[in-house]
Amino acid sequence: MGPIDHPSAGIATIPGSTSAVEGFVGVRKQPFLAFVFNEKSNRRFLWIALIGSVAQLILFKLCYPFPDFMSDSYNYIESAALHLNANIWPVGYAKFLSFIHQISYSDTLLVTIQYLLVQLSLLYFFYTVKYLYKPSPLTVKIQFIALFFNPASLYLSNSVLSDALFGSITIVWFSILLWQLTSPTRTGLLLQVILMGIAFTIRYTAIYYPLVAAIVLLISPMWRWEKIAWMVAPALLFIPFIHFTQLQTKAVTGTAEFSVFGGWQIANNALYMYGHIQVDSSKLPQETRDLDRMVKQYYKWAPPGYINLAEFDGTFFIKHPEAPLKQYMFRHYKKEHDSNVFLGWGKVSPMYNKYGTWLISHLTF
């Protein structure tokens, strides 16, 4: 029987349900749910959070009756409407949109569900911190106000973007991570792996989450091989999704790429430094030289500071229609782009990846 199974380790079946969790400042003797609902101060916080959240949402929607959209929003909507399994952005949020659409066409319902998910995840985080670490009353009040009366939650939830859903999952995942620091359970570990897998289908940023979880596992009271097994476990969800996305992308573009956007991103990053480095075009990969000629011409034409326009902060070469990446795609794959944006982006992505990677790896000032 390993340390994770030993009664003295404070094992719980569900994160937050243990009757004796060792925090940094002591031991709680009551179950987590009893702590939330039985203590008068905690019930007061709960009612204020729930009533305050509803009131804020109603007032906000009176001022902002329509959700916000940006370019990424239409990609998610396209994926949801056409039931696509691969697109420029991960399809997890599009599947979420499809699910909400089955219930109602109301955009207000979508915003409401996103906001409730954010607020409920914050409630779990708030009570987890309060239960495990026993912060001072002043700290609790500051944390409560910052979490539940923060306008950022409303603005994020009022957008047809993956931020609110991804943020909610991340907050719950991180809260469970805090439980694993003090009371590791197999149920908690399994929930973490599942949440990481779901988050990865929504935002590829979640690929770094297993590294954070591994740090916690290293200091957890478990046998070495069990730690290794749980460290590897997220790959059992990540790898099949990556392979599936590659197959779906190949069926459309002809190239088995995991992230079509990745090629654009690395080329964009490289072009930001292009005006400050020396590039020997004769040494570039043959298929990238036509693009490089367009880049050179563009840098001769672009006024100083033009690529640092605030409206395209950090993404100028991806979004600006006159920038060389868009112009190269329109020159060679306009028909494909006009018929299917994902196809147009996917056709040039492998070459952009090779071009950007070469520039960065052969950096010469």
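Attention in this report is confined to the structure presented alongside it. (Residues numbered from 1 in each chain as written. Predicted model: local features only at pLDDT ≥ 70, side-chain atom pairs only at ≥ 80, totals over all residues. Heavy atoms only, no water.)

## Considerations on the nonpolar core
Judged by nonpolar contacts, the single largest core of 59 residues is most densely connected at Phe32, Tyr93, Phe126, Tyr127 and Phe148. The leading source of residues in this core is helix H5 (residues 107-133), at twelve residues. Residues in contact with Phe148, not counting those within four places in the same chain, are Ala49, Gln56, Gln119, Leu122, Leu123 and Phe126. Grouped together as the second largest cluster of nonpolar side chains are 34 residues, Ile88, Met294, Phe342 and Tyr352 included. (Core = buried A, V, L, I, M, F, W, Y, C linked by side-chain atoms within 4.5 Å. Buried < 20%, exposed > 50% of the residue type's maximum accessible area, 1.4 Å probe, protein only. Helix = DSSP H or I, 4+ residues; strand = E, 2+ residues; numbered from the N terminus. Contact = heavy atoms within 4.5 Å.)

## What to know about a positive patch on the surface
The grouping of Lys40, Arg43, Arg44 and Lys141 at the surface amounts to a positive patch. In terms of residue count, helix H2 (residues 40-63) provides more of the positive patch than any other element does, three residues in total. Summarising the element assignment, Arg43 is placed in helix H2. For Arg43, a relative accessible area of 33% puts it in the partly exposed group. (Patch = residues over 30% accessible without salt bridge, like charges linked within 9 Å, V, L, I, M, F, W, Y side chains within 5 Å. Areas by Shrake-Rupley, 256 points an atom, 1.4 Å probe, with all protein chains shown as cover. Salt bridge = Lys/Arg side-chain N within 4 Å of Asp/Glu carboxyl O. Lys, Arg positive; Asp, Glu negative; His and termini not counted. Charge placed at Lys NZ, Arg CZ, Asp CG, Glu CD.)

## Quick notes on helix H9 (residues 186-202)
Compared with the 24 Å implied by 1.5 Å per residue over 17 residues, the 25 Å span of H9 between its first and last C-alpha is a close match. Of the residues making up H9, those classed as buried are Gly188, Leu189, Gln192, Val193, Leu195, Met196, Gly197, Ala199, Phe200, Thr201 and Ile202. (Expected span 1.5 Å × (residues − 1).)

## Some details on unusual backbone geometry
One non-glycine residue, His83, lies in positive phi territory at about 55 degrees. Its place among the elements puts His83 in the loop between helix H3 (71-81) and helix H4 (92-103). A residue is classified by how much of its surface remains accessible, and His83, at 54% relative accessible area, is exposed. With a phi close to 50 degrees, Lys134 is a non-glycine residue in the positive phi region. Accessibility expressed as a relative area gives 34% for Lys134, which makes it partly exposed.

## With respect to the side chain of Asn268
Relative to the helices and strands, Asn268 resides in helix H13 (residues 260-272). The exposure class of Asn268 is buried, given its relative accessible area of 0%. One polar contact links Asn268 to Asn269, side chain to side chain, over a distance of 3.3 Å. (Polar contact = N/O pair within 3.5 Å; in protein donor to acceptor, adjacent residues only side chain to side chain.)

## Things to note about the packing of H13 against helix H17 (residues 341-361)
It is the contact of H13 with H17, at a shortest axis distance of 6 Å, that shows an interaxial angle of 40 degrees. On the basis of their axis angle, the class for H13 and H17 is oblique. Considering how the two elements wind past one another, H13 and H17 form a crossing that is left-handed. Residues Val260, Phe261, Gly263, Trp264, Ile266, Ala267, Ala270 and Leu271 of H13 form the contact with H17, whose participating residues are Phe342, Trp345, Gly346, Val348, Ser349, Tyr352, Asn353, Tyr355, Gly356, Thr357, Leu359 and Ile360. (Axes fitted to C-alpha atoms, helices over the stretch in contact; angles between N-to-C directions. Parallel < 35°, antiparallel > 145°, perpendicular 65-115°, else oblique. Left-handed = near helix turned anticlockwise from the far one by under 90°.)

## Quick look at the packing of aromatic side chains
A full pass over the atoms with the stated rule returns 38 aromatic pairs. Pairing Phe45 with Phe144 gives two aromatic rings, centres 4.8 Å apart and planes at 50 degrees, and the pair type is tilted. Of this pair, Phe45 sits in helix H2 while Phe144 sits in helix H6 (residues 137-148), and the two are 99 residues apart along the sequence. Here the two residues Phe45 and Phe144 agree in accessibility, since each one is buried. Note on Trp264 and Tyr352: the rings are 5.0 Å apart at their centroids and 75 degrees apart in plane angle, and the pair reads as edge-to-face. With Trp264 in helix H13 and Tyr352 in helix H17, the pair connects residues that are 88 residues apart, well separated along the chain. (Phe/Tyr/Trp six-rings, centres within 6.5 Å; stacked < 30°, edge-to-face > 60°.)

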